[in-house]
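Here are the chains, one letter per residue:
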Amino acid sequence: MDERAHGLGREGDYAGSKLGMWLFLLTEVFLFVGPLILYGVYRYRFSSGFAAASSGLSLGIGVLNTAVLLTSSLSMALSIAAVKRGKSGFTLLFLLITIALGSLFLFNKYFEWSHEIASGVYPGGEALLERPKGEVLFFGLYFFLTGLHGLHVFAGVCLLSVMSYSTATGGVNREDFVRLENAGLYWHLVDVVWVYLFPLFYLIR
Amino acid sequence: MKEGMAENGGYWTYVAVWAALIILTFLTAALSRGASSRVSAVAAPSIATVKAALIIYYFMNIRFEKGVLRLLIPLTAVLIAILITLVFMDVAYR
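Note that this is a predicted model, so its numbers are computed, not measured.

> Now, about the overall build of chain B: what can you tell me, with residues and values included?
Helices and strands together make up the secondary structure of chain B, namely three helices and zero strands. Traced from its N-terminal end to its C-terminal end, chain B shows the element sequence α-α-α. Taking 2.2 N^0.38 as the reference for a compact globule, 94 residues should give roughly 12 Å; the C-alpha atoms of chain B span a radius of gyration of 17 Å, well beyond that estimate. Each of the three principal axes of chain B carries a C-alpha extent, and together these read 55 × 35 × 10 Å. Out of the 94 residues belonging to chain B, those deemed buried represent 38%. Looking at chain B alone, contacts between residues at least 24 apart form 62% of all its contacts between residues at least 6 apart. Carbon and sulfur atoms make up 74% of the accessible area of chain B, which totals about 5,300 Å². The centroid of the 8 positive side-chain charges in chain B is displaced by 12 Å from the centroid of its 4 negative side-chain charges.

This is the structure in structure tokens:
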């Protein structure tokens, strides 16, 4: 590759912007770790209520959404592998697949939440407040954490839409793709968070 | 060209990792219904950690990184472990 196109300044930018992204992602990790510790303490104190509440969630939708998000991570990784090979057509295609899968995840989540809210299960909902305390705490954490995660998925979809535009117009290319790589790191982090949320909410016995 | 910038994973490596992630998802779901609650309570977070490690190492391409980036993740894991241990010591023995 042309040495002049990758002068020292450019290389420094590349390493620096990736390090910056990782540092940001680690602060994001702690944003989720805080409420998850709260979850751990309440699950320890109200284990039967948590198990009862968890059995009310649909395992099928949980597994489906996990598979959807994992597949979106695959297409994200493939998109970056393609841009490094200079195949911008594939890069764009895989990005659009990632966006579609992310939107499908949000769509499923919308149906799941609608179903729960319609049956009175939401923070402060009358039907929920009549249930044991452990179940009320479970659903409080469930709506907070899946909601916070959903916002991250939405932000990721917006970010990847901008990246698609940049890829289509040539702003992201074989020589300059760190923005796409950083957007990909963000997307994978959102996936990692879900990898923990899924068993913690859907799989308690 | 800086190290790490040129390195690239093969398409099929990513597909293989994805297949492993999907298998682990079904495994953890099956264990939660099949195994005892005690087994499941240990297996579910352990499998999640294996899945997270696969995503970080392969999808996030930590395998191509060197130096400080490689250290950041274990460092964060240790910090989280300390945080969890201290909180649970307080909760369990109060």
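> Tell me about the nonpolar core, and name the residues and values.
Residues and elements named next belong to chain A. Judged by nonpolar contacts, the single largest core of 80 residues is most densely connected at Trp22, Phe138, Phe139 and Phe201. At 17 residues, helix H7 (residues 178-202) tops the list of elements feeding residues into this core. Once residues lying within four places of it in the same chain are set aside, the contact partners of phenylalanine 201 are Tyr39, Ser54, Leu57, Phe138, Leu141, Tyr142 and Leu145.

> Describe in detail the interface of chain B and chain A, supporting the description with residues and values.
Each partner contributes to the interface: chain B provides 49 residues, whereas chain A provides 50 residues. Between chain B and chain A we count one salt bridge in total. One salt bridge connects glutamate 65 of chain B with lysine 18 of chain A, and the closest N-O pair in it is separated by 2.6 Å. Those elements that provide at least two residues to the side of chain B that touches chain A are helix H1 (11-34), helix H2 (37-59) and helix H3 (68-93) of chain B. Per-element tally for the side of chain B that touches chain A: the top contributor is H3 of chain B, with 13 residues. A per-class count over the side of chain B that touches chain A returns 32 nonpolar, twelve polar and five charged.

Calculation notes
Residues numbered from 1 in each chain as written. Chains lettered and ligands numbered in written order. Predicted model: local features only at pLDDT ≥ 70, side-chain atom pairs only at ≥ 80, totals over all residues. Heavy atoms only, no water. Helix = DSSP H or I, 4+ residues; strand = E, 2+ residues; numbered from the N terminus. Rg over C-alpha atoms; globule rule 2.2 N^0.38 Å. Buried < 20%, exposed > 50% of the residue type's maximum accessible area, 1.4 Å probe, protein only. Contact = heavy atoms within 4.5 Å. Areas by Shrake-Rupley, 256 points an atom, 1.4 Å probe, with all protein chains shown as cover. Lys, Arg positive; Asp, Glu negative; His and termini not counted. Charge placed at Lys NZ, Arg CZ, Asp CG, Glu CD. Core = buried A, V, L, I, M, F, W, Y, C linked by side-chain atoms within 4.5 Å. Salt bridge = Lys/Arg side-chain N within 4 Å of Asp/Glu carboxyl O. Nonpolar A, V, L, I, M, F, W, Y, C, P; charged D, E, K, R; others polar.

Function-wise, these values are silent; they only describe arrangement.
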